[in-house]
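# Coordinates in review
One-letter residues, chain by chain:
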Amino acid sequence: MAGQAAARIRIAIAMVNSVADEAGDEEITPSEIAEAIRDCLELTEVDETPNVRRYLGEALDAVSDGMPADFVAMTLYAALGALRDVASN
């Protein structure tokens, strides 16, 4: 069931996009973004689809390294795309 993983990845993407857009009154910290990505990594579904765990790991590393939000979002979108590719086949 890739639906739960996709939903959690979308939450992480929304957090990263809000940081990139500087939207909202709340400030989202890198720790909160990292926690959202770790929540994705806890799901066993990410191991059922090739490359999803790798993309999520890269996104987590990017947050830790202080990479720009756009880069983190791009990596999360790659993970979401990998899930969609498998679901459409």
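Preceding this paragraph is the structure being described.
Quick look at the structure, then.

### Digging into the pattern of salt bridges
The full count for this structure, using the stated rule, is 3 salt bridges. One salt bridge connects E58 with R54, and the closest N-O pair in it is separated by 3.1 Å. Of the two residues, E58 and R54 both sit in helix α3 (residues 52-64), 4 residues apart, roughly one turn of that helix. Its relative accessible area of 35% is what places E58 among the partly exposed residues. Judged by relative accessible area, which is 43%, R54 ranks as partly exposed.

### What about unusual backbone geometry?
The phi torsion at N51 lies on the positive side, around 75 degrees, for a residue other than glycine. Inspection of the secondary structure assignment puts N51 in the loop between α2 (30-41) and α3.

### Comments concerning the layout of surface pockets
Approximately 150 Å³ is the volume found for the largest pocket. Elements that contribute at least two residues to the lining of the largest pocket include exactly α1 (2-21), α2, α3 and α4 (69-88). Looking at side-chain class alone, the lining of the largest pocket contains 10 nonpolar, 1 polar and no charged residues.

### Quick word on the side chain of E45
As for its position among the elements, E45 is in the loop between α2 and α3. With no salt bridge to any partner, buried E45 finds its closest opposite charge in R8, at an N-O distance of 7.4 Å. Polar contacts involving the side chain of E45 include one to the main-chain amide nitrogen of A5, which spans 3.0 Å.

### With respect to α2
Between its terminal C-alpha atoms α2 stretches 16 Å, which fits the 16 Å expected from 12 residues at 1.5 Å a residue. All buried positions along α2 are accounted for by I33, A34, A36, I37, C40 and L41. Taken down its axis, α2 places every buried residue within 160 degrees of arc, on the same side.

How each quantity is defined
Residues numbered from 1 in each chain as written. Predicted model: local features only at pLDDT ≥ 70, side-chain atom pairs only at ≥ 80, totals over all residues. Heavy atoms only, no water. Salt bridge = Lys/Arg side-chain N within 4 Å of Asp/Glu carboxyl O. Helix = DSSP H or I, 4+ residues; strand = E, 2+ residues; numbered from the N terminus. Buried < 20%, exposed > 50% of the residue type's maximum accessible area, 1.4 Å probe, protein only. 1 Å grid on protein atoms, 1.4 Å probe; cavity = no way out; pocket = protein on both sides within 12 Å on 5 of 7 lines; lining within 4 Å. Points joined across faces, edges and corners; volume = space filled by probe spheres on them. Nonpolar A, V, L, I, M, F, W, Y, C, P; charged D, E, K, R; others polar. Lys, Arg positive; Asp, Glu negative; His and termini not counted. Polar contact = N/O pair within 3.5 Å; in protein donor to acceptor, adjacent residues only side chain to side chain. Expected span 1.5 Å × (residues − 1). Arc of directions from axis to C-beta.

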